[in-house]
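Coordinate analysis (summary)
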Amino acid sequence: MAKKQAATIKNKKAIDLEKNVSDATDQFLTTNHGVRIQDNQNTLKAGERGPSLLEDFIFREKIFHFDHERIPERIVHARGSAAHGYFQPYKSMADLTKAGFLSDPNRQTPVFVRFSTVAGSRGSTDMARDVRGFAVKFYTDEGIFDLVGNNIPVFFIQDSIKFPDLIHAVKPEPHNEIPQAASAHDTFWDFISLMPESAHMIMWAMSDRSLPRSLRMMEGFGIHTYRFINAKGVSTFIKFHWKPKLGVHSVAWDEAQKISGMDPDFHRRDLWEAIENGSFPEWELGIQVIPEKDEHKFPFDLLDPTKLIPEELVPVQRIGKMVLNRNPDNFFAETEQVAFHPGHIVPGLDFTNDPLLQGRLFSYTDTQLSRLGSSNFHEIPINRSVAPVHNNQRDGHMRQTVNRGTTSYQPNSIGGGCPYQAMLSEGGFSSYPEPIAAPKVRARSVSFSDHFSQATLFFNSQSKPEQQHIIDALSFELGKLTYPEIRKRMVGILTQIDKGLAASVAANLGIAVPEAPEKPINQGMPADADAEKYESKKGKSVIDKSEALSMAGTIKDTIATRKIAFLVADGVQATDVALVKTALEKEGATVELVAPKLGAVATADKAAQAVDKSFLTTASVLYDAVYVPAGADSAKKLAADPDAVHFLNEIFRHCKAIAFGQGAESLASQTYFAGKTDEGLIQGKDLVPRFIKAIAGHRVWEREASRKVPA
Ligand code: HDD
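Residues numbered from 1 in each chain as written. Predicted model: local features only at pLDDT ≥ 70, side-chain atom pairs only at ≥ 80, totals over all residues. Heavy atoms only, no water.

As for the domain arrangement of the chain
Split into domains, the chain comes out as domain 1 (44-383), domain 2 (455-527 + 534-549) and domain 3 (563-705). Inter-centroid distance (C-alpha atoms) of domain 1 to domain 2 is 27 Å. Where domain 1 abuts domain 2, roughly 2,800 Å² becomes buried across the two surfaces, and 70% of that area is made up of carbon and sulfur atoms. Per-residue buried area on domain 1 facing domain 2 is highest for Asp-186, Trp-189 and Met-203; these three make up 23% of the total on that side. Where domain 1 touches domain 2, the interface holds one salt bridge. Ionic pairing is found between Asp-190 and Arg-489, a salt bridge with its closest N-O pair at 3.3 Å. (Domains from an automatic or database assignment. Buried area = accessible area lost by both parts, 1.4 Å probe. Salt bridge = Lys/Arg side-chain N within 4 Å of Asp/Glu carboxyl O.)

As structure tokens, then:
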């Protein structure tokens with residue numbers, strides 16, 4: 001059913017891409033020039049045992065192509081996974097923007113979305129502690145719009161001239177290329193400890209937001225303030241949000257590290273499988289709307305990308321939904337060659353002067369040239385606009401378009417003046433005429449200098465377990481450093497965010513809390529600057545807490561797409577397996593039977609019950625919950641199997657739901673959580689509904705406070 005549904009939703013872009021699809025079914029093997037190949041097993045030789053001959057054009061072409069198969073990976077966001085889908089607005093937004101794709105609730109706009117990690121190479125683990133990229137390409141009728149965001153609403157730096165420094169600091173260190181896909185090393189924290197403007201972002205990056213359970217369970221953010229422009233030319237400031245229908249959920253750090261070993265493709269596989277199973281991931285597009293007159297109403301600057309607008313001050317309006325319903329046909333052609341650019345916008349949208357956004361507008365075109373190798377990268381099928389493209393740009397490497405006619409200049413009379421400019425009423429893009437009268441300076445506005453109040457707001461808004469995870473993450477990362485002075489300097493920065501946080505991290509690091517942060521703490525100032533002016537300050541946040549910043553209150557009413565392990569051995573009760581499995585699957589979860597070995601187990605009534613995985617080929621960290629089905633014999637066998645006991649201890653340690661069918665409770669006595677109770681440990685009456693509720697609740701994080709068990 002899933003495939004069929006995906007096929008019927010195939011959209012315009014899919015049809016467009018199909019022009020380039022190659023399907024070898026029932027076809028001869030040929031050279032790139034169409035010559036049928038008779039022998040693809042042997043090179044041409046002078047005699048069966050003789051040397052190869054230079055004239056072997058078939059071999060030469062094949063090896064030539066192979067030798068050039070790789071293109072440079074992205075400098076950042078190299079590791080990614082993507083999917084096709086569509087976006088549809090709930091209602092017309094014409095009062096705020098003239099963008100066509102937001103004006104008609106009946107219009108579906110094709111999208112291609114690429115999720116990514118930032119620091120790691122193309123082959124690195126999905127489960128690194130890292131920010132996730134969330135880049136959406138809208139193939140609108142008026143041209144391409146790319147919303148190139150992240151799963152965190154703020155950024156490390158305020159000015160894009162610092163981007164190469166930030167990335168050099170976080171990437172593996174240059175002398176030994178260690179560590180891969182990790183920020184827990186000297187150069188990153190050296191840089192961060194000297195850049196107080198990173199304080200807010202660091203709180204997010206050290207929180208569980210950087211360990212998503214699934215790409216489908218992440219929020220997305222446009223980060224910068226953008227503009228909507230309506231047909232009358234009125235501009236309104238906008239912040240973009242993506243809100244996942246399944247809620248925002250994360251894994252535990254210990255779990256993340258183990259997943260990296262068990263299944264480094266964890267997120268990629270999860271996204272792929274969900275779409276193949278017809279459980280199409282969905283997000284709602286949200287906007288925060290700030291009228292021009294309110295630009296200076298906030299105690300922070302709307303142009304500062306290290307700040308967010310708390311939802312309590314400006315609520316997020318949900319204006320449409322995005323559904324991902326089709327996996328790419330070919331990873332390289334689509335996911336690797338897709339080229340995003342914040343500068344791809346359409347009429348009805350415009351930029352602000354956020355200095356990070358302004359730098360990005362310059363950077364991304366450059367990257368496409370060095371990565372894809374040609375100024376014609378827009379002609380690669382995945383990058384092509386569905387709106388017609390006509391201009392006087394010509395030629396270049398790998399040009400695909402065959403332009404007809406004799407004119408490639410404007411004005412011309414020979415070509416009838418074509419292509420001609422579009423008037424505003426004909427959909428021509430014109431930039432918002434923002435008045436600017438200013439001296440040319442290299443400087444930053446003092447309105448950017450409060451680096452701590454929103455970091456504190458974020459920390460204060462977290463639940464107790466979330467706060468503990470931030471303390472643990474900072475203790476882990478700073479604990480990996482080899483320069484004690486960087487640790488100390490970093491703890492000094494933490495004192496500006498929260499004294500308790502600084503004290504807890506310092507205690508874990510075995511150092512004293514510095515009396516005052518190092519001065520001058522902002523190394524980001526120009527050489528001969530007025531130090532006072534550039535000093536980081538802590539302003540006052542308008543609110544003390546913002547619920548939207550915590551994941552504690554996220555959607556917890558569904559177990560759709562959750563993966564549940566059933567531990568089984570000989571003697572398991574088949575009726576109980578079937579009953580609980582059916583109940584969970586009815587709610588959209590998937591169930592896998594895990595046994596000591598592959599094949600089948602013998603049920604209590606001597607039938608064969610096929611199993612999906614063995615303890616050798618899977619692990620608890622790849623599941624959201626575990627059920628031990630009824631059957632005293634099965635439970636007894638599992639109790640004697642160290643792998644089964646480890647499975648249970650580990651899933652307990654990671655705070656997931658555990659349920660025991662009738663007669664299987666005895667297995668708990670072999671575990672480290674024997675005799676314990678909490679809402680995630682379930683047996684007895686109303687088992688199924690209680691189990692479902694516990695899985696939907698995601699984790700019993702409170703368990704960690706008192707009951708960490710060895711696993
Ligand atoms: Fe960037 C890629 C997101 C700041 C320069 N960026 C890239 C991707 C995402 C972001 C999601 C991957 C897109 C894909 O999947 O292909 N970048 C951000 C966000 C930023 C940000 C949310 C801050 C708010 N980036 C940023 C700055 C610069 C760049 C300040 C440079 C001045 N980013 C790049 C790049 C990349 C890129 C080097 C690498 C690959 C690419 O562009 O296509 O040009």
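Remarks on the packing of helix α13 (residues 484-497) against helix α14 (residues 499-509)
Describing two packed helices takes the angle between their axes plus the distance from one axis to the other. Two numbers describe how α13 lies on α14: the axes approach to 6 Å, and their chain directions differ by 155 degrees. When the axes of α13 and α14 are compared, the pair comes out roughly antiparallel. Here α13 contributes Arg-487, Val-491, Leu-494, Thr-495 and Ile-497 to the contact with α14, which in turn contributes Lys-499, Leu-501, Ala-502, Val-505, Ala-506 and Leu-509. For the contact of α13 with α14, the per-class residue count stands at eight nonpolar, one polar and two charged. (Axes fitted to C-alpha atoms, helices over the stretch in contact; angles between N-to-C directions. Helix = DSSP H or I, 4+ residues; strand = E, 2+ residues; numbered from the N terminus. Parallel < 35°, antiparallel > 145°, perpendicular 65-115°, else oblique. Contact = heavy atoms within 4.5 Å. Nonpolar A, V, L, I, M, F, W, Y, C, P; charged D, E, K, R; others polar.)

What to know about the coordination of the iron atom of the ligand
The protein supplies the iron atom of the ligand with one donor atom, Tyr-364 (OH), which lies at 1.9 Å. Structurally, Tyr-364 is set in helix α10 (residues 355-372). (Donors = N, O, S within 2.8 Å, 3.2 Å for Na, K, Ca; no water.)

Observations regarding helix α11 (residues 453-461)
Along α11, eight of the nine residues are buried, which leaves the element largely enclosed by surrounding structure. What α11 keeps buried is the set Ser-453, Gln-454, Ala-455, Thr-456, Leu-457, Phe-458, Phe-459 and Ser-461. Contacts made by the buried residues of α11 are with α6 (199-205), α12 (464-479), α13 and α14. (Buried < 20%, exposed > 50% of the residue type's maximum accessible area, 1.4 Å probe, protein only.)

So, the pairing of strand β2 (residues 109-117)
Within β2, nine of the nine residues are buried, which leaves it mostly tucked inside the rest of the structure. Neither face of β2 is left uncovered, since the one carrying Thr-109, Val-111, Val-113, Phe-115 and Thr-117 and the one carrying Pro-110, Phe-112, Arg-114 and Ser-116 both have all their residues buried. Two elements, strand β1 (residues 80-89) and β2, share eight bridges in a ladder whose sense is antiparallel. Residue pairing for β2: Ala-83 is matched across the bridge by Val-113. Here β2 runs beside strand β3 (residues 132-140); their pairing, made up of seven bridges, is antiparallel. By the bridge assignment for β3, Arg-114 is matched with Ala-135. (Pairing = 2+ DSSP bridges.)

Concerning the pairing of strand β6 (residues 226-229)
Successive residues of a regular strand alternate their side chains across the two faces of the sheet. Of the two faces of β6, the one holding Tyr-226 and Phe-228 and the one holding Arg-227 and Ile-229 are both buried throughout. Where β6 lies against strand β7 (residues 235-244), four bridges are found, and the strand directions are antiparallel. The partner of Phe-228 across the bridge, within β7, is Thr-236. Between β6 and β7, which follow one another and run antiparallel, lie five residues, and Gly-233 among them has a positive phi close to 85 degrees. Where β6 meets strand β10 (residues 349-350), two bridges bridge the pair, whose relative direction is antiparallel.

Structural notes on the site of the ligand
In the region of the ligand, 22 residues are neighbours, and Arg-74, Arg-114, Arg-360, Tyr-364 and Thr-367 sit closest. For the ligand, an oxygen atom lies 2.7 Å from a polar atom in the side chain of Arg-114. Taken together, the elements giving at least two residues each to the shell around the ligand come down to β3, β4 (143-150) and α10. Ranked by residues supplied to the shell around the ligand, first place goes to α10 with seven residues. The class makeup of the residues in the shell around the ligand is nine nonpolar, ten polar and three charged. (Near = heavy atom within 4 Å. Polar contact = N/O pair within 3.5 Å; in protein donor to acceptor, adjacent residues only side chain to side chain.)

Here we look at the sheet that holds strand β18 (residues 681-683)
The six strands lie next to each other as β15-β12-β11-β16-β17-β18, forming an open sheet whose pairing is parallel. Sheet topology places β15 (613-614) and β18 at the edges, where each strand pairs with a single neighbour. Bridge analysis of strand β11 (residues 563-567) against strand β16 (residues 625-628) gives three bridges, and the strand direction is parallel. Paired with Ile-564 across the two strands is Ala-625, which belongs to β16.

Points about the pattern of salt bridges
As enumerated under the stated definition, the model contains 37 salt bridges in all. Salt-bridge contacts for Arg-107 lead to Asp-141; the nearest nitrogen and oxygen are separated by 3.6 Å. Here Asp-141 lies in the loop between β3 and β4 and Arg-107 lies in the loop between β1 and β2, a separation of 34 residues in the sequence. Taking relative accessible area as the criterion, Asp-141 reaches 40% and is therefore assigned partly exposed.

A look at the nonpolar core
Phe-156, Trp-189, Met-203, Leu-474 and Leu-501 are the most contacted members of the largest nonpolar core, which has 51 residues in total. Sorting the residues of this core by element identifies α4 (163-170), α5 (186-193), α6, α11, α12, α13 and α14 as the ones contributing at least two each. Summarising the domain contributions, this core has at least three residues from each of domain 1 (44-383) and domain 2 (455-527 + 534-549). Contacts of Phe-156, omitting those with residues within four sequence positions, involve Val-131, Leu-166, Phe-188, Ile-192, Glu-197, Ser-198, Met-201, Ile-202 and Thr-306. Of all hydrophobic cores here, the second largest spans 39 residues; its members include Trp-242, Ile-319, Met-322 and Leu-349. (Core = buried A, V, L, I, M, F, W, Y, C linked by side-chain atoms within 4.5 Å.)

Notes on a nonpolar patch on the surface
A cluster of nonpolar side chains, namely Phe-59, Ile-63 and Phe-66, defines an oily patch on the protein surface of about 280 Å² accessible area. Take Ile-63: it is sitting in helix α3 (residues 57-67). (Patch = residues over 30% accessible without salt bridge, like charges linked within 9 Å, V, L, I, M, F, W, Y side chains within 5 Å. Areas by Shrake-Rupley, 256 points an atom, 1.4 Å probe, with all protein chains shown as cover.)

Regarding the packing of aromatic side chains
Taken as a whole and judged by the stated rule, the model has 27 aromatic pairs. Centroid distance Phe-115 to Phe-134: 5.0 Å. Interplanar angle 80 degrees. Geometry classified as edge-to-face. Pair noted here: Phe-115 is in strand β2 and Phe-134 is in strand β3, with a separation of 19 residues, a long-range link. The pair formed by Phe-115 and Phe-134 is uniform in burial state, with each residue classed as buried. An aromatic cluster of at least three residues, connected via ring pairs, comprises Phe-87, Phe-101, Phe-115, Phe-134, Phe-138, Phe-145, Tyr-226, Phe-228, Phe-240, Trp-242 and Trp-283. (Phe/Tyr/Trp six-rings, centres within 6.5 Å; stacked < 30°, edge-to-face > 60°.)

Notes on the packing of α5 against α13
The N-to-C vectors of α5 and α13 enclose an angle of 40 degrees; their axes lie 9 Å apart at closest approach. Put simply, α5 runs oblique to α13. Considering how the two elements wind past one another, α5 and α13 form a crossing that is left-handed. Residues Asp-186, Trp-189, Asp-190, Ile-192 and Ser-193 of α5 lie in contact with α13, whose contacting residues are Ile-486, Arg-489, Met-490 and Ile-493. When its residues are assigned to classes, the contact of α5 with α13 shows five nonpolar, one polar and three charged. (Left-handed = near helix turned anticlockwise from the far one by under 90°.)

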